[in-house]
Amino acid sequence: MTTMPPLTLYLAAPRGFCAGVDRAIRIVELAIERWGAPVYVRHEIVHNRFVVDDLRAKGAVFVDELDDCPDDRPVIFSAHGVPKSVPAAAAARNMIAVDATCPLVTKVHIEAARHHENGLQIVMIGHAGHPETVGTMGQLPPGEVLLVETEADVAALRVRHPARMAFITQTTLSVDDTAGIVAALRARFPAIAGPAREDICYATTNRQAAVKAVAGRIDALLVIGAPNSSNSLRLVEVGRTAGCPYAQLVQRAGDIDWRALAGIRSVGITAGASAPEVLVTEVIDAFRARFAVTVEMVETAQESVEFKVPRALREPA
């Protein structure tokens with residue numbers, strides 16, 4: 001009988017689904033219950049293939065644009081938010097539209113609108129092309145929101161009035177990287193207005209803090225999440241920056257590079273905010289098949305946030 005090598009798995013907590021993701025998934029499920037299948041969803045409701053495939057099996061149809069939806073079926077806007085032009089187009093077609101935008105993203109949209117009403121030009125810290133960035137910048141007319149991704153971008157900004165500026169951020173950024181960009185903005189534009197608290201959401205902040213707490217005691221870190229998930233990619237970066245010698249993003253247990261993990265004694269496991277816990281269990285089971293596993297929980301915060309679904313799905317049909 002072969003003796004399996006010992007391994008300690010450190011499970012970071014919080015990890016996995018946040019309140020905004022949980023709400024968005026429930027919105028799709030409740031919409032299918034209320035109106036029957038198919039229900040159309042513009043873009044992935046959240047960035048996770050397992051979740052999307054599960055909802056597709058229940059009757060959701062995922063499309064790239066509103067033009068791909070028929071007029072007579074409900075359409076749901078993803079948790080990342082959409083430009084103002086999208087719900088306006090749906091209204092013009094008399095479509096049933098349900099907005100699954102995370103309330104914390106909506107908060108950033110409201111901030112941007114308030115700054116614009118006050119005559120300020122806005123700088124958004126975010127990733128170009130990410131659906132959340134596209135949706136947030138699309139709340140205002142072209143040119144009113146300038147995008148920066150790095151401190152170097154701040155130096156290159158061309159603005160109308162340096163004393164009439166405000167900044168907002170994507171909710172899923174690296175806390176540490178964003179702090180550096182904010183400092184660069186404040187150094188160049190001392191009068192720049194910002195949020196009372198950073199726009200990076202509680203779930204992103206908590207998951208990054210948990211990774212920092214385990215990074216110093218592990219040989220490797222596995223982040224369960226999708227390659228197009230901003231918050232998952234940031235967890236990989238945070239792990240590396242915090243001193244973990246090897247950090248890998250995996251969508252499923254089948255993606256684990258076992259050769260890279262040869263000879264390890266300790267592994268940290270976390271999951272991005274759109275990754276379900278069933279995938280964490282799948283990864284743990286894969287380790288149990290190869291190692292004599294001891295599991296330790298490393299919890300840095302407890303989360304009790306819950307967001308209500310839109311009124312249209314709470315009222316009787």
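Residues numbered from 1 in each chain as written. Predicted model: local features only at pLDDT ≥ 70, side-chain atom pairs only at ≥ 80, totals over all residues. Heavy atoms only, no water.

**Digging into the nonpolar core**
Then comes step 1: Among the nonpolar cores identified, the biggest contains 26 residues, and V28, I45, L55 and I76 are the most heavily contacted of them.
Then comes step 2: Sorting the residues of this core by element identifies α1 (19-35), β2 (39-42), α2 (49-58) and β3 (60-63) as the ones contributing at least two each.
Then comes step 3: For this core, the element with the most residues is α1, which contributes seven residues.
Then comes step 4: Beyond its immediate chain neighbours, meaning those up to four positions away, I45 contacts A24, V28, L55, F62, I76, F77, S78, A79, H80 and A100.
Then comes step 5: Formed by 23 residues, the second largest nonpolar core is a distinct cluster that contains I224, V283, F287 and V293. (Core = buried A, V, L, I, M, F, W, Y, C linked by side-chain atoms within 4.5 Å. Buried < 20%, exposed > 50% of the residue type's maximum accessible area, 1.4 Å probe, protein only. Helix = DSSP H or I, 4+ residues; strand = E, 2+ residues; numbered from the N terminus. Contact = heavy atoms within 4.5 Å.)

**Overview of the sheet that holds strand β1 (residues 6-13)**
Then comes step 1: The strand order across the open sheet built from five strands is β10-β9-β11-β1-β12, with neighbouring strands paired in parallel fashion. Strands at the two margins of the open sheet, each flanked by one partner only, are β10 (247-250) and β12 (292-299). Averaged over neighbouring strand pairs, the angle between their axes works out to 25 degrees when direction is ignored.
Then comes step 2: Alignment of strand β9 (residues 220-224) against β10, held across four bridges, turns out to be parallel. (Pairing = 2+ DSSP bridges. Axes fitted to C-alpha atoms, helices over the stretch in contact; angles between N-to-C directions.)

**Thoughts on unusual backbone geometry**
Then comes step 1: Omega for the bond connecting A13 with P14 falls within 30 degrees of zero, at 5 degrees, which places this linkage in the cis form.
Then comes step 2: Not every positive phi belongs to a glycine, and N94 is a case in point at roughly 55 degrees.
Then comes step 3: Along the chain, N94 falls in the loop between α3 (85-92) and β5 (97-99).
Then comes step 4: We classify N94 as exposed; its relative accessible area is 69%.

**Regarding the environment of L146**
Then comes step 1: Locating L146 in the fold gives a position in strand β7 (residues 145-148).
Then comes step 2: Counting along the chain gives 102 residues from L146 to Q248, while the straight-line C-alpha distance between them is 32 Å.
Then comes step 3: Setting aside residues up to four positions removed in sequence, L146 forms contacts with Q121, I122, V123, M124, L157, R158 and V159.

**A few points about the sheet that holds β5**
Backbone hydrogen bonds hold the strands of a sheet together, and the pairing may be parallel or antiparallel.
Then comes step 1: Read across the open sheet, the four strands follow the order β3-β2-β4-β5; overall the sheet is parallel. Among the strands making up the open sheet, the edge pair consists of β3 and β5. For this sheet, the mean inter-axis angle between neighbouring strands, taken without regard to orientation, is 25 degrees.
Then comes step 2: Bridge count between β2 and strand β4 (residues 75-77): three bridges; the pairing is parallel. Paired with Y40 across the two strands is V75, which belongs to β4.

**Examining the pairing of β7**
Then comes step 1: Relative to β7, strand β6 (residues 121-125) runs parallel, the two sharing four bridges. Along β7, the bridge assignment pairs I122 with V145.

**Thoughts on helix α8 (residues 202-215)**
Then comes step 1: Between its terminal C-alpha atoms α8 stretches 20 Å, which fits the 20 Å expected from 14 residues at 1.5 Å a residue.
Then comes step 2: Buried residues of α8: A203, T204, N206, R207, Q208, A210, V211, V214 and A215, and no others.
Then comes step 3: Where α8 is buried, its residues meet β1, α7 (175-188), β9, α9 (230-241), β11 (266-271) and β12. (Expected span 1.5 Å × (residues − 1).)

**Some points on the pattern of salt bridges**
Then comes step 1: Per the stated rule, a full pass over the model turns up 14 salt bridges.
Then comes step 2: A salt bridge links R26 to D22; the nearest nitrogen and oxygen atoms lie 3.3 Å apart. Placement of the pair is R26 and D22 together in helix α1, with a separation of four residues, close to one helical turn.
Then comes step 3: Judged by its relative accessible area of 26%, R26 falls in the partly exposed class.
Then comes step 4: Overall, D22 belongs to the partly exposed group, its relative accessible area being 32%.
Then comes step 5: The partner of K107 in a salt bridge is D199, and the shortest N-O contact between them spans 3.5 Å. With K107 in helix α4 (residues 103-117) and D199 in the loop between α7 and α8, the pair connects residues that are 92 residues apart, well separated along the chain.
Then comes step 6: Taking the relative accessible area as the measure of exposure, K107 reaches 34% and is therefore partly exposed.
Then comes step 7: Residue class for D199 comes out buried when judged on its relative accessible area of 2%.
Then comes step 8: One network of salt bridges, with partners in common, ties together E29, D54 and K58. (Salt bridge = Lys/Arg side-chain N within 4 Å of Asp/Glu carboxyl O.)

**Topic: α4**
Then comes step 1: Between its terminal C-alpha atoms α4 stretches 21 Å, which fits the 21 Å expected from 15 residues at 1.5 Å a residue.
Then comes step 2: Those residues of α4 that fall on the buried side of the exposure criterion are V105, V108, H109, E111, A112 and H115. The arc that holds every buried residue of α4, seen down its axis, measures 160 degrees, which confines them to one face. Across α4 from its buried face, at more than 90 degrees, point the exposed residues I110 and E117.
Then comes step 3: On the buried face of α4, the contacting elements are β6, α5 (131-137) and β8 (165-169).
Then comes step 4: At the exit of α4 stands G119, carrying a positive phi of roughly 80 degrees. (Arc of directions from axis to C-beta.)

Functional significance is not addressed by these values, which are geometric in nature.
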